[in-house]
Amino acid sequence: MRVIRSVQALSAWSRALHREGVLIGLMPTMGALHAGHRALIRAARLSCDAVAVSLFVNPRQFGPAEDLSRYPRQLRSDSALCRGEGVDVLFTPSAAEMYPPGFQTSVVVRGLSRRWEGEHRPAHFEGVTTVVTKLLSLVRPHVVFFGQKDFQQSVLVRRLVEDLNLGARVVVCPTVREHDGLALSSRNQHLTPAQRRAAPILYAALRAGRTAILGGVRSAARIRETIHHTIAAEPLARVEYLAVCDPETLEPLRRISDAAVLLGAVRLGRVRLIDNLLVRIAER
Ligand code: PAF
C-alpha cells in the first residue's frame, strides 16, 4: 500500500491509472476506522481495480463548539487495517495541504444542507461538500463509497456529484451495527459504560417507528410520537431531532405513502449519535 500525503502525488497517481483505464474506487474517511469502514473497503475492492482511502479529519466540518480536538486519531491502526484489506493508496494529507494559505472556496448544496443535521451543525455540510469536492477532483474516482449511517450526507453527496457533473457513481453501503443494534461510529469510543448501555435506544426507537409504519400507521406525527416515547424511557438520552422524511428530498412527510426515512440524533452526555432507518411500505 502506498501512503500519499500531497495533493500533487495523489492526482499524479490518479492520472497514471486513468491513462491505463484502471477503475478507481474512493472511500473518503476521517479515520478511526471500524468494521463499517472495512465493509466499505470490501465493497470497493469487489467492484473496482484500485482503491484509495482518504483519511483526513476535516477541520472545516466541525463547528467551534464541536469535538474536533477530541476526534479519535489512530493512524497506525488505520493504516494496518487498510493494508490488511488490500487498499492501494492511503491519502493522509495535513490540513495545510488541503487548505493552503489563501484557500477561499466553499461548496454548498443549498436546500439539502439546511435541515436536520444542518440545523444543529450549521457549518458541517459546507465543510463536508467542500472536502468531498476536492477529493473527487483529485482522485476522479469511477465509484465513491459512503455509509448509510450518515444518510443526509449521502443524499447531499449524490446531489453534489450530479449538479457539478463530478462523474463518479455514488454507492451507499448499509450501516454496520453492534450486536445490540448500535450503529458503528468512531465517536462510540467516547461513550462511558453507562452511556454505551443506553446508546442502542436510538436504533430501538427508530425500529419502533418502522414497526408502527409496517403495522399500518400513516401519520408522520404519530410515528414521531412513537419514536420519542421509546427514547423517553432512557433517561441518559436527550433528543436533538427526530424526523420522518422523504428519502430523496429529506422534506418532512405528513403522511407516508410508499417510503420514508426515519432520522434521529441524540446526545448521551458529550457524545452525539445519529442513526436512520429506511422504510418501504412494500416491505410488509
Ligand atoms: O463521513 C465522513 O467521515 C466525513 O464526513 C467525510 C465524508 C470523510 C468528509 O470529511
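Quick look at the structure, then. (Residues numbered from 1 in each chain as written. Predicted model: local features only at pLDDT ≥ 70, side-chain atom pairs only at ≥ 80, totals over all residues. Heavy atoms only, no water.)

**Observations concerning the overall build of the protein**
In terms of regular secondary structure, the protein is built from 11 helices and 9 strands. Over its C-alpha trace the protein gives a radius of gyration of 19 Å, about what one expects of a compact globule, namely 19 Å for 284 residues. Taking the principal axes of its C-alpha atoms as reference, the protein extends roughly 55 × 40 × 35 Å. The buried share of the protein, taken over its 284 residues, is 54%. Accessible surface, the protein: about 13,400 Å² in total, of which carbon and sulfur atoms supply 50%. Distance between charge centres in the protein, computed from 39 positive and 25 negative side chains, equals 2 Å. (Helix = DSSP H or I, 4+ residues; strand = E, 2+ residues; numbered from the N terminus. Rg over C-alpha atoms; globule rule 2.2 N^0.38 Å. Buried < 20%, exposed > 50% of the residue type's maximum accessible area, 1.4 Å probe, protein only. Areas by Shrake-Rupley, 256 points an atom, 1.4 Å probe, with all protein chains shown as cover. Lys, Arg positive; Asp, Glu negative; His and termini not counted. Charge placed at Lys NZ, Arg CZ, Asp CG, Glu CD.)

**Overview of the side chain of N58**
Tracing the sequence through the fold places N58 in the loop between β3 (50–55) and α3 (75–84). Within the structure, the side chain of N58 is placed 3.0 Å from the backbone oxygen of G127, a separation counted as a polar contact. If we ignore the near neighbours within four places in the chain, the residues touching N58 are M30, Y99, G127, V128 and V131. (Polar contact = N/O pair within 3.5 Å; in protein donor to acceptor, adjacent residues only side chain to side chain. Contact = heavy atoms within 4.5 Å.)

**Side note on the site of the ligand**
The ligand sits among P28, T29, M30, N58, Q61, V128, V131, F146, D150 and Q153. Q61 is positioned such that a nitrogen or oxygen atom in its side chain is 2.6 Å from an oxygen atom of the ligand. Side-chain polar atom of Q153 to an oxygen atom of the ligand: 2.7 Å apart, as the coordinates give it. Considering the ligand on its own, with 290 Å² of exposed area, one finds that the protein chains cover 88% of that surface. Breaking the shell around the ligand down by element, the ones donating at least two residues are β2 (24–29) and α7 (124–139). (Near = heavy atom within 4 Å.)

**Structural notes on the environment of Q195**
Relative to the elements of secondary structure, Q195 occurs in helix α9 (residues 193–198). Under the relative-accessibility criterion, Q195 is labelled buried at 13%. Setting aside anything within four residues of it in sequence, one finds Q195 in contact with H190, L236, L268, G269 and V271.

**Details of the sheet that holds strand β4 (residues 89–91)**
Pairing is parallel across the open sheet formed by 6 strands, whose spatial order is β1-β4-β3-β2-β5-β6. Each end of this open sheet is capped by a strand with a single partner; those strands are β1 (2–4) and β6 (169–173). Between one strand and the next, the sheet's axes are offset by a mean angle of 25°, whatever the strand orientation. Here 3 bridges tie β1 to β4, and the two strands are oriented parallel to one another. For I4, the partnering residue across the bridge sits in β4 and is F91. Packing against the sheet, helix α8 (residues 151–163) makes contact with β5 (143–147) and β6, and its axis sits at approximately 170° to β6. (Pairing = 2+ DSSP bridges. Axes fitted to C-alpha atoms, helices over the stretch in contact; angles between N-to-C directions.)

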